[in-house]
Structure formats: C-alpha cells, structure tokens
Amino acid sequence: MSAALQVAGLGLRLEGIRLADIDLSVDRGECLVILGPNGAGKSVLLDAIAGFQRLSSGRLTLNGQDITALAPERRRIAFMFQDFALFPHLTVAENVRFGATVAGKRRAGEHDADVRTEKLMQRFGIAPLRARLPYFLSGGEKQRVALARAFATQPALLLLDEPSSALDARARDQLHEELRALLADTGVPMIYVTHDRSEALTLADRLAVMRNGRLVQQGRPDEVFERPANAFVAEFVGMETMLRGRARALGDGLAQVACGPFNIYARVGGALPVGEVIACVRPENIRLVPPSTAVADVNQFAATVEALLDRGPYLRVRLGLQGQRLIAFVPKHEPALRGLHAGDPAHAVIALEHVHLIEADAAD
Amino acid sequence: MSKADRAAAPSARPASAGRARLLFLAFWCCGGLLLVSIVAPLVALATLPSPADLLHVAARPEVRAAIALSLGAAGLTALLGAVLGFPLAYVLAHAKFPGKRAIEALIDIPLAVPHTVAGIALLVVYGRRGLFGEALNDAFGLKFWGTLAGIVVAMLFVSAPYAVNAARIGFEAVDPKLEKVARTLGAGPWTVLARITLPLAWRSLLTGATLTFARAISEVGAVIILAYYPMTAPIKIYELFLRYGLHEAASMALLVLIIALGLFIGLRYLAYGRELRSGSVR
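Residues numbered from 1 in each chain as written. Chains lettered and ligands numbered in written order. Predicted model: local features only at pLDDT ≥ 70, side-chain atom pairs only at ≥ 80, totals over all residues.

Peer 1: For this particular structure, what's the right way to read the overall build of chain B?
Peer 2: Helix and strand counts for chain B stand at 13 helices and zero strands. Moving toward the C terminus, one meets the helices and strands of chain B in the order α-α-α-α-α-α-α-α-α-α-α-α-α. Taking 282 residues into account, the globule formula puts the C-alpha radius of gyration at 19 Å, and chain B, at 25 Å, lies well above it. Summarising its shape, the C-alpha atoms of chain B cover approximately 90 × 60 × 30 Å along the three principal directions. Within chain B, buried positions represent 32% of all 282 residues. For chain B, restricting intrachain contacts to residue pairs at least 6 apart in sequence, the fraction spanning at least 24 positions comes to 76%. (Helix = DSSP H or I, 4+ residues; strand = E, 2+ residues; numbered from the N terminus. Rg over C-alpha atoms; globule rule 2.2 N^0.38 Å. Buried ≥ 20, exposed ≤ 12 C-beta atoms within 10 Å, placed from the backbone. Contact = placed C-beta atoms within 7 Å.)

Spelled out as structure tokens, the structure:
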C-alpha cells in the first residue's frame, strides 16, 4: 500500500484519440511527469484521472480507495490548467475560498477553512491581492492563486496540465521551485503533463513518455534520458545523434556497431541487442578535440563541423561524419574550440558507456 | 532608424493612412444612410403628436388595456422563453449529440417564416379542433382562440429563437475549464451551474430575455390570426389608423414607443450599466 494513485489498465475512446493499457502509479511526495508530443493524449489522460471521461476499461485507486466510479467533486483530485482557470467573477480571496464555500455544508469546520485559506494566501504571498479580480493579476500571480486554491481543498493528488506554457522563463522557474517545495512540505503527489523535456528533467521524480494514447516508457528521468527504450523515446528525450548499424558482441560487455565506413563501440550493461541497431549518444556526451590529438583508442572520429548554433552557455555543433550526422553540445569556454567555424575539421570523442544501443525494429 | 527618419517621423504619415481614411469615409456614408433611415421615422413620429394628444390617447381605457395586455403578454412570453429556452440553450452549449445541428436549425425556423404563415400554422395546432387546442380545452378548459394564451403562444413562436440563441452564446462563452476546475474543487454540477455558469452568463441570459420581450411586444402577424381580440397594442394602433386616421394612431404609437424603449434601455442598463459608466462597454 505504497502508491497514492494507482492506474491499472486504463483505456478509453474519444473521437480522435484512444488511450489504451495505461498503467501508472504515483507515490506520496512524488512528481510523475508525463512527457509526450501534442496529441499524444496527455490531457485526456489527466481528464480521465480527474473523472471527466468515462473509461472503457481500467481501474483508478487513490489512497486505497477505488475511485473509478466517483464523480470529479468527490475524488479530492485538484486540477491546474494551462491558463490557471481562475474564476473571473470572483476575487483572489473568493477564488481561494471557493472549495471551502461549496463544501461548507458537506464538511464541518467552516472556521478551519477560513484559517486554512488565510494561511495559504500568506504562504503563496497573495494576501495583499485578496480583493483583486483575476483580470488584474500577472501570470505568476495567477499561478500562485491557482495553487493556493487547489491546496485549500486539501487534495489527495494534484494534476497539472502544462501550467508553465503561459509563463515567461522567470515565472516558470519560480513555479518549478514552488512545486518542488510543495512536494517536500505537503507530500501531495503530482502528475505534471508537458511536452518540454527540460521541464520534465527539472520536475520529475519519475517520468512516463506517452505516444498515441499509450505510455511507451516509464522510469527515473535519468534512466529514460540515458536509456530510451525505442527510437521514438530516444528522439523525444533529445538523443540527437542516432546512428544505424549492425551490432556484434566482442565479449566482456563490449559491442561493436558497424555503421558503414566506421565502427562505433559501446559498453552494454544488459543483453546485447542483435542485428540492426541504433547507436544513440546524447549531445552533451560528445566531446570535441582539435584534429590530430589522439585521446582515445576507439570512438574518436575525424569529422567536419557543418553548423554552429549559439545556445547561450554552450554551442550546439552539427558534425558530418561520412554522410552521418553527429550533434554535440560544447561549453563555450572550451579552450580547444576557440574560433571554431563551419567547414573546420574536428575530432569527436565518445566514451564507451555513453553509447546506448536500441534494436532498430523495437516497437515504438 | 536613421536620424533623418526620426526627424521626419512625427509629421510624415504613411501613404496608406490616407487610403484607409478614404475607406472609412466611404463606409461611414453607407452606414450613415442606414442610421438616417432608422432615426428619421422615429423622430418624425416623436414630433407629430403634441403632449396633449399623448395624454388624451393615454386616457382612453381601450388604449390602456391594449398596452397593458401587450406588456403582460410579452412579459409572460419572455418568462416562458427563459424557463423553456435557457435549459435548451445550456444543453446545446454543453452536450454533443447526434441531431444537434438539426435542433439548432429548427430553433431558427421561426425567424425565416412569414409570421402570418406562423399564425396559420399555430391556428392548425391550437385552434378549436387542433391537436393541442382541443386536448387542452377538454382537459383544462384552456382556449387559445381569442385569448391571452393564444397571444402568448403566438409571441413565443416568433420570439423563442432570441431567447435560445442569446443564452446559448452566453453559455458557450463560459470557459469549460472553469466548470471543470470548480468540479475538482468539490462543487457538484448544480453548484457549478449556480456559482460559476450562471454568474458568468447572466448578461447573455438577460439580453436573451430582453430580446424575446422586444420581439414579442412588436409581433402582429402571428398574433392577429390567433387573437384579433383581445387587442394588443400594435393591433390597436392599426385599428385606430383604419378608423380615425394617422394622427390618432401616431399618438398611441408614440406612447407605445416611449414605454417599449424605456423598458429596453432600462434592461440594457441593468446588464451593462457598470461598463457604460466606466466607458468600457464591449
């Protein structure tokens, strides 16, 4: 009885989207991020968990209670939307108190609710805004009001549907900090939906990648990012270098992948995929060294710089290698790379353990 | 921006500004003609009878009775339109079901039918030997021929689309996410309706009821076929015109205009008063 929310075999059909075989669980104090492209069914899944969709199969259990047939208002699952969905005709204080006022007759302790509302408004720093209407709030303020309103109902679970997409970079960082702090303070588990992989890395205790109404991989974020299960996940989590080839075991956990004119070597933890494989390397794991400096016996490739993009703290370098393409992120202050230009030769070095092999025909 | 550009900026207008002005000028001419064609008859009507004429016509009991009947019947129609039409509007705004388009089209049919045609059709159903007419008369003694009930069903037929459409637009304008979020905060469907949907849609509802009322009070064609008697105000005006001529009819017409306009403006103010005062009406 550890998981707070347990979703088992969830399936449903709507026009245009179909969810199937969704199994997931979220523990107390944990944030599960569901990552996927637009149209993957992420929002529909949240809707289903909140109780707005009729399931064609599956069961939802929240803190040991079967909630599959419960109406949304009885689930104790709070929802935070992209645009925060504050009630425009109610002031900040009335928004935060909404849950308490509608529950007033059902649950006792009106006074407790008032105290709780007040505390939450202090906690989120919105007490001075109490008399304002949402129209007059900034994006960051709206987000804090929405959080206070959600927590005022003492939810057992918080669902967040891309809440950062309406925020600027600063407010987004604040939201992320706030959510991590809330997880630590309250233990209320969260499910956070996004299509942004950097956000997923920032927030996720566990990560589920969704595609076409199915969860295609779940795990710790570093696991999913380092060891994607298939080509779709690899691409979506930013494995920018993906080289096709034939794998051959060399013994001692070593594998050789023949990619036409060159070989790339990998250290394989588990079973070696056989036949056609895709060798994936994260861009931050490709190191560039000046040509003619030999630093490694294997996996050093004489490539040509094709394009450079300035990404602020680092450069994104596209390299051509015998018709294949490698992508490397290079810290700007790497001394060996001063004055790198498109057309220059450069050597790419990849550590054995940073090459991840996927079966080329792995179902994705 | 170069120095020369900056110096020129305040005085120089892009050439397109002049052409845009021409467009607006041309459109103002068209629109102005329309405005004149609306305002001129009203002003002419308003200046024809003297205040004494107004008082004189207002003192006549059959004129008062006709105006009271019109107001009462139109008020009843607006109420019925709200009670029966708003729920339908809510369903149309919130639910997806097969045949929804057909129902939406059906609602608009009265707008496209000549109202004498509507009157005849209503007579077939509500007349003495009509489907509803006979049954309701047998069951409750409710007659639609030459009665208030007849006037109201005729008014409702022609004005219900306004109630349903205005309310549907109002309900649709309420962000479904607000209703969802309210549910997750513990509010049941009825509470959400009362606390979120209605407070956000009430202006459209009031507008719908107002338009229904306005359309009902101005109806002649359908009403005259079901109930020439008792006379509503528009029919009474017509009768005065036929019997006593323009002057008599114009006096009562102005009286009705003042009352109807007063009510209409009052209701508009109720709906949009705060914005009107602060000058930010949508």
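Peer 1: What is the right way to read the packing of helix 2 (residues 92–103) of chain A against helix 4 (residues 139–152) of chain A from this model?
Peer 2: The relative placement of two packed helices comes down to the angle between their axes together with the axis-to-axis distance. Residue and element names in this part refer to chain A. Their axes nearest at 7 Å, the elements helix 2 and helix 4 cross at an angle of 25 degrees. By the angle between their directions, the pair helix 2 and helix 4 is classed as roughly parallel. For the pair helix 2 and helix 4, the crossing hand works out as right-handed. Between helix 2 and helix 4, the residues in contact are Val92, Asn95, Val96, Arg97, Phe98, Gly99 and Ala100 and Val145, Ala148, Arg149 and Ala152, respectively. Class assignment for the residues of the contact of helix 2 with helix 4 results in seven nonpolar, two polar and two charged. (Axes fitted to C-alpha atoms, helices over the stretch in contact; angles between N-to-C directions. Parallel < 35°, antiparallel > 145°, perpendicular 65-115°, else oblique. Left-handed = near helix turned anticlockwise from the far one by under 90°. Nonpolar A, V, L, I, M, F, W, Y, C, P; charged D, E, K, R; others polar.)

Peer 1: Where do I start with the nonpolar core in this structure?
Peer 2: Formed by 115 residues in total, the largest nonpolar core has its most connected members in Met80 and Leu159 of chain A. Broken down by element, this core gets its largest block of residues, seven residues, from helix 4 of chain A. Looking at which domains feed residues into this core, each of domain 1 (3–226) and domain 2 (231–359) of chain A gives three or more. Each residue touching Met80 of chain A, except ones within four places of it in the same chain, is listed here: Ala146, Leu147, Ala150, Leu158, Leu159, Leu160, Asp161 and Pro163 of chain A. Counting 54 residues, the second largest nonpolar core, distinct from the first, contains Phe86, Val153, Ala166 and Ile237 of chain B. (Core = buried A, V, L, I, M, F, W, Y, C linked by C-beta atoms within 7 Å. Domains from an automatic or database assignment.)

Peer 1: Would you take a moment to explain the sheet that holds strand 15 (residues 286–289) of chain A for this structure?
Peer 2: Residues and elements named next belong to chain A. Across the sheet, five strands lie side by side as 15-19-16-17-18; this open sheet has antiparallel pairing. Both edges of this open sheet fall to strand 15 and strand 18 (324–331), since each of them pairs with a single strand only. Shown here is a sheet whose adjacent strand axes are inclined to one another by a mean of 45 degrees, direction ignored. Direction of pairing for strand 15 relative to strand 19 (residues 345–350): antiparallel, over a ladder of four bridges. Counted as the bridge partner of Val289 is His347 from strand 19. (Pairing = 2+ DSSP bridges.)

Peer 1: Whenever I open this one, the pairing of strand 11 (residues 241–251) of chain A confuses me. Can you help?
Peer 2: If a strand is regular, its side chains alternate between the two faces of the sheet. Residues and elements named next belong to chain A. Here strand 11 runs beside strand 14 (residues 275–281); their pairing, made up of seven bridges, is antiparallel. The residue of strand 14 that forms the bridge with Arg246 is Glu276. Note that strand 11 and strand 12 (residues 254–259) share five bridges and pair antiparallel. Bridge pairing links Ala247 to Val257 in strand 12. A loop of two residues connects strand 11 with strand 12, the two strands running antiparallel in sequence, and Asp252 in this loop sits at a positive phi of about 65 degrees.

Peer 1: What should I look at first to understand the domain arrangement of chain A in this one?
Peer 2: Where interface size is given, it is often the accessible area lost as the parts come together that is meant. All names here are of chain A. According to the domain assignment, chain A contains domain 1 (3–226) and domain 2 (231–359). Each of domain 1 and domain 2 has a C-alpha centre, and the two are 38 Å apart. Across the boundary between the two partners, domain 1 contributes 10 residues, which contact six residues of domain 2. Of all elements in the fold, only strand 9 (206–211), strand 10 (214–219) and helix 7 (221–226) reach the threshold of two or more residues within the side of domain 1 that touches domain 2. When residues of the side of domain 1 that touches domain 2 are assigned to their parent elements, the largest contribution, three residues, is made by helix 7. The residue makeup of the side of domain 1 that touches domain 2, split by class, is six nonpolar, one polar and three charged.

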